[in-house]
Amino acid sequence: MELITTATSTDVARVGATVGVLPVGSFEQHGDHLPLITDTAIACLIAERIATSYELLLLPPITMSASHEHEAFPGTVSISASTLISLIDDIRASLARSGITTLVIVNGHGGNYVLSNIAAQANVDGRNVVLYPGRPDWEAARSRAGMISNIHDDMHGGELETSILLHSRPELVRDSYRDADHLASDRRHFLLTGMAEYTTTGIIGLPSAATAAKGEAALVSLTDSFADYIEASKR
């Protein structure tokens, strides 16, 4: 499965989509067993599935975003929230010139808090931006997959992310996931201190519980859950 669209201009014209799908990931540490592109890869996997299922225009991903909480770990690269806002504003404006006025942002990085503000502001005068998946969608995916961890404790590089990549891109997952579990449930000062205060490995979660079958079930759930967003965007 490709992590970036290879569609041609004629392919896009043939589909005639009126909604664009933008994967937004990050370039940040995910411990030893997952690559720096993990969030981007997962956002692309979800975006490709919903674009195909609902006949939407799949866009290439934004691969760097607001990962400042991870900058104590090697390899992480961040951009400012204001830069991310400007990028999405420019993409929306370009799409609008070709008649696509609704943008679905598929967010793979939980630290992109500013995306909620972008969506809320854009939707003041219409149904213009869909931010997906939301917390209920992630929780539904965990439930369908039978995951043993919850969304709070399995925060980063854990059962969910490892399972999705074990299913879709197993070559990206190192065997060290079997021994990488680390829990830090009390993270009340997270925005003040960043990840390094709560983990020395960069992992918070239970990657040892990951399986490819769980990853497949989670992606099916996330594809199905998107149907409600399409309907809501038309109301």
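Draft legend 1. Expanded view of helix α8 (residues 212-234). Here α8 contains 23 residues, and its C-alpha end-to-end distance of 35 Å stays within 8% of the 33 Å for a straight helix at 1.5 Å per residue. Looking only at α8, the buried set comprises K214, G215, A217, A218, L219, S221, L222, T223, S225, F226, I230 and S233. Against the buried residues of α8 lie α2 (38-54), β3 (102-107), β4 (129-132), α5 (135-145) and α6 (159-168).

Draft legend 2. Local environment of the sheet that holds β3. Overall, parallel pairing links the 4 strands, which are arranged β2-β1-β3-β4 in an open sheet. One side of each edge strand has no neighbouring strand; the edge strands of this open sheet are β2 (57-58) and β4. Summarising the sheet, strand β1 (residues 19-24) and β3 pair through 6 bridges and their orientation is parallel. Within the sheet, the bridge partner assigned to L22 lies in β3 and is I105. Strands β1, β2, β3 and β4 of the sheet are contacted by helix α3 (residues 81-97), whose axis makes an angle of about 145 degrees with β3.

Draft legend 3. Highlighting unusual backbone geometry. The residue after Y132, namely P133, is reached through a cis peptide bond having omega -5 degrees. Mapped onto the fold, P133 is located in the loop between β4 and α5. With a phi angle near 55 degrees, E55 is a residue other than glycine that sits in the positive phi range. Mapping E55 onto the fold places it in the loop between α2 and β2. For E55, a relative accessible area of 57% translates into the label exposed.

Draft legend 4. The arrangement of the side chain of T38 in detail. Here T38 lies in helix α2. Looking at T38, the relative accessible area reads 0%, which means it is buried. Non-local contacts of T38, meaning those with residues more than four positions away in its chain, are made with H30, E161 and L165.

Cut-offs applied
- Residues numbered from 1 in each chain as written.
- Predicted model: local features only at pLDDT ≥ 70, side-chain atom pairs only at ≥ 80, totals over all residues.
- Heavy atoms only, no water.
- Helix = DSSP H or I, 4+ residues; strand = E, 2+ residues; numbered from the N terminus.
- Expected span 1.5 Å × (residues − 1).
- Buried < 20%, exposed > 50% of the residue type's maximum accessible area, 1.4 Å probe, protein only.
- Contact = heavy atoms within 4.5 Å.
- Pairing = 2+ DSSP bridges.
- Axes fitted to C-alpha atoms, helices over the stretch in contact; angles between N-to-C directions.

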